[in-house]
Amino acid sequence: MPAPAQDHTPAGGAAVEILDPRSSKDQLKLDGLRADGAVDFIDLTAELTEAAEKLVPPPSGSPEADGSRWIHYPWRGKAVHLLGPAAYRRLRLDRNRNKLSAVEQDHAATLRIGVVGLSVGHVVAHTLALEGLCGQLRLTDFDEIELTNLNRVPGSVFDIGVNKAVVAARRIAELDPYLDVQVHQGGAEAATIDAFLDGLDVVIEECDSFDAKVLVRDRARALGIPVIMETSDGGVLDVERFDLEPDRPLFHGLLGDFDSEALAGLTTEQKAPFAVKILDGARLTARMAASALEMGRTLSAWPQLGGDVALGGATVAAAVRRIVRGEDLPSGRVRVDLDSILDGLESPVVDEVVPERVPADVHTIIDGLTARDAVLFAGSRAPSAGNSQPWRFSSDDDGVTVRLDATPTSSADVGRRSSAVSLGAVLHNLTAAAAAVGVYGKAGIVGDGDDVQVRVDFGDIAETGASITPILDRRTNRAFGDGSELDAGVIAALSSGGSAGTGVRLITERSALAGFAAVAGATERLRYLTPELHAEMMAEIIDPSDVHSDTGIDVDDLALLPQQAPLMVLLRRPDVMAHLNAWGAGSVLGADAQGRVMTSSALAVVTQEGRSTADYVRGGQTMQELWIRAEMMGLAVHPMNPVFLYADGRSELAQIAPDRVDELESLAKQFADVLSVADGEVVTTVLRLFRTDATPPASRRRSLANLLA
């Protein structure tokens, strides 16, 4: 049965009636108000329902399930038809997310907060209600609105002569009639303060009276309630966590040991030194300090500005938000002095001459090299994950040997398999370059496991007529494609070849591309949201102005769209990723990978037989041969290897991301299904093939001297 009408804020002059049309009693009340003719009726339910239906994500229940209510505002002479309390709160506070998560907002709705003193306190209370930071507000002030209050209290001439707590409660009721607001018009008095404070989670003290300040803190400490105070001069915010520190001295101990009862008997003039100690006279703003000396002479009251008071509402709300979120909020004092802050205005544009990195002209470099060094240089142009170049060269009169660095390039380089694929690409380049310059003898893979290396021996043969140019011109092209189809001849040509034990197949069906795009996007999202993987990924990305780094990927080589480039500063931040992870959000993090896959013409899947390190080297040879051949046919190439590619089973997935094993295992299964990976078949790499007019520059490389070091 619907609840009967509620006189929601039990206080004279600030009460609203909440009338449920499903209740016969409430409906009679509504009929009476309509018949009286003195009340204007405003129905907002249609537009609010429409707005609620557009929320993302949609509310758990329909607005209709929560019903609707008529809210009667006697002081306005109006009744407004609104959504029910749950739907109204969900819609009204939707724009809080993700500054406050849905869970945090639910927690905020359980807080009971008291505000003592409703001049500065009016803005504080309204801001707390505005942000939905409490489920109950208790307001108390003995004073009434005067015209001189209207420089800082957001009331009106119609409020003059009305109790300040009532004025604040009315304004809050017009914002959220369902919020439980309790009004006490007596202010902070010894006889009633315990009843006012009873059950509160936080008390905001904004009294003018020094005696009231002492009383509120003394009783709040006894009841274990934290006290927050904002002093509008200089933006001073005070926090006293009596809930965490039951023996904490009042006012942070600034007054030392003092007798609150003895203080109550002092005159205002005698109390002034105590107030100066609390406010820290040395740090009062100059205008306030000078004004203090004019009190009772050229000034009748303490000066305050509306903007400073509004700032106080914001800083108190920020403190309460930390309590709501479970974040650290210790006892102490902070100053948010806007005047001082504005003294530090500076241009966001830094006029700094940044050195520009000039990409290497690989053809000019190789023209001046000996045959041996030309082979070494061509080998160094092989691709590697993150352009990490995980190899070391050594050469002698008889040939060139290349071995892997001692450590994996990243968490995804499980078993050095990604590095081994790169080593295979090096072997292809060395072999082709040696043949092109006429010194090729034989090549092969030496050893296996951690000790694997590749060797190209020099021989005395005539030039083969092959060109070294395609090796030097090979690029990783990360641009978007035009999605154009490949003809059967190109598909057949690219699907042939490969070293022993390896194979290549092309995937061109749009449904399969879409399936792979979904896996790539989901995996990229996890890569961003896993702290270690995110840190490794961001460490690979180098600003073009960094002219000294000889590994990594230039930001400019990421082929970001104009609207994407400014977002890189956000994507680099681990704190941003942590929030997205906590919210279960971040689908946008995979959207780029998905979009690039869907603009491709095909995926080239290179496979191998076996999982030995030497098998991955052979797979790398085939990958590089395919890559160069595709470019010679006018196609751009972009490796799209998911982070789990080189892991075999759950234990190795745990090496990549211990907290993401189930997700990675599920994605690995989807990957195998989408690519139709047969039993016993191992994927070496997946290359995205597409057409584009974009031509990236040559990527960074270690110098020959560093390669041989």
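You'll find the structure just up there.
I will try to describe carefully the structure that is included in this document.

Rules used throughout
Residues numbered from 1 in each chain as written. Predicted model: local features only at pLDDT ≥ 70, side-chain atom pairs only at ≥ 80, totals over all residues. Heavy atoms only, no water. Helix = DSSP H or I, 4+ residues; strand = E, 2+ residues; numbered from the N terminus. Buried < 20%, exposed > 50% of the residue type's maximum accessible area, 1.4 Å probe, protein only. Contact = heavy atoms within 4.5 Å. Phe/Tyr/Trp six-rings, centres within 6.5 Å; stacked < 30°, edge-to-face > 60°. Lys NZ or Arg CZ within 6 Å of the ring centre and 35° of its normal. Pairing = 2+ DSSP bridges. Axes fitted to C-alpha atoms, helices over the stretch in contact; angles between N-to-C directions.

**Side note on unusual backbone geometry**
Part 1: At the junction of valine 56 and proline 57, the peptide bond is cis and its omega measures out at -5° in the coordinates.
Part 2: In this structure, asparagine 98 follows arginine 97 across a cis peptide bond, with omega equal to 10°.
Part 3: Note that asparagine 98 resides in the loop between helix H3 (85-92) and helix H4 (102-108).
Part 4: A positive phi angle, near 50°, is found at glutamine 389, a position not held by glycine.
Part 5: In this fold, glutamine 389 is placed in the loop between helix H15 (371-380) and strand E13 (391-396).

**Focus on the side chain of histidine 72**
Part 1: Tracing the backbone shows histidine 72 in strand E4 (residues 68-73).
Part 2: Histidine 72 gets classed as buried once you look at its relative accessible area, which sits at 9%.
Part 3: Each residue touching histidine 72, except ones within four places of it in the same chain, is listed here: Val16, Glu17, Leu33, Val39, Lys78 and Ala79.

**Looking at the packing of aromatic side chains**
Part 1: Enumeration over the complete set of coordinates arrives at seven aromatic pairs.
Part 2: Look at tyrosine 88 and tyrosine 178: their rings are 5.6 Å apart centre to centre, the planes differ by 70°, and that puts the pair in the edge-to-face class. Linking tyrosine 88 in helix H3 with tyrosine 178 in the loop between helix H6 (164-175) and strand E8 (180-184), this pair joins segments that are 90 residues apart in sequence.
Part 3: An angle of 10° between the planes, with centres 6.2 Å apart, marks the rings of phenylalanine 210 and phenylalanine 251 as stacked. In this pair, phenylalanine 210 is assigned in helix H8 (residues 210-223) and phenylalanine 251 in the loop between strand E11 (236-240) and helix H9 (260-264), connecting sequence segments 41 residues apart. As far as burial versus exposure is concerned, phenylalanine 210 and phenylalanine 251 are alike and both buried.
Part 4: Over the aromatic face of phenylalanine 41 sits the side chain of arginine 34, whose NZ or CZ is 4.1 Å from the ring centroid.
Part 5: A cation over a ring is seen here: arginine 474 above tryptophan 627, with NZ or CZ 4.6 Å from the ring centre.

**Regarding the sheet that holds strand E7 (residues 136-140)**
Picture the strands of a sheet paired through backbone hydrogen bonds; they go either parallel or antiparallel.
Part 1: Strand order in the open sheet formed by seven strands is E8-E7-E6-E9-E10-E11-E12, with mixed pairing between adjacent strands. Looking along the sheet, the strands with just one partner apiece sit at the ends: E8 and strand E12 (332-335). Between one strand axis and the next, the sheet turns by 15° as a mean value, whatever way the strands run.
Part 2: Here strand E10 (residues 227-231) runs beside E11; their pairing, made up of five bridges, is antiparallel. Paired with glutamate 230 across the two strands is leucine 237, which belongs to E11.
Part 3: Contacts from helix H5 (residues 120-130) reach strand E6 (112-116), E7, strand E9 (202-205) and E10 within the one sheet, and its direction differs from that of E7 by about 170°.
Part 4: The sheet strands contacting H8 are E6, E9, E10 and E11, and the helix crosses E9 at an angle near 165°.

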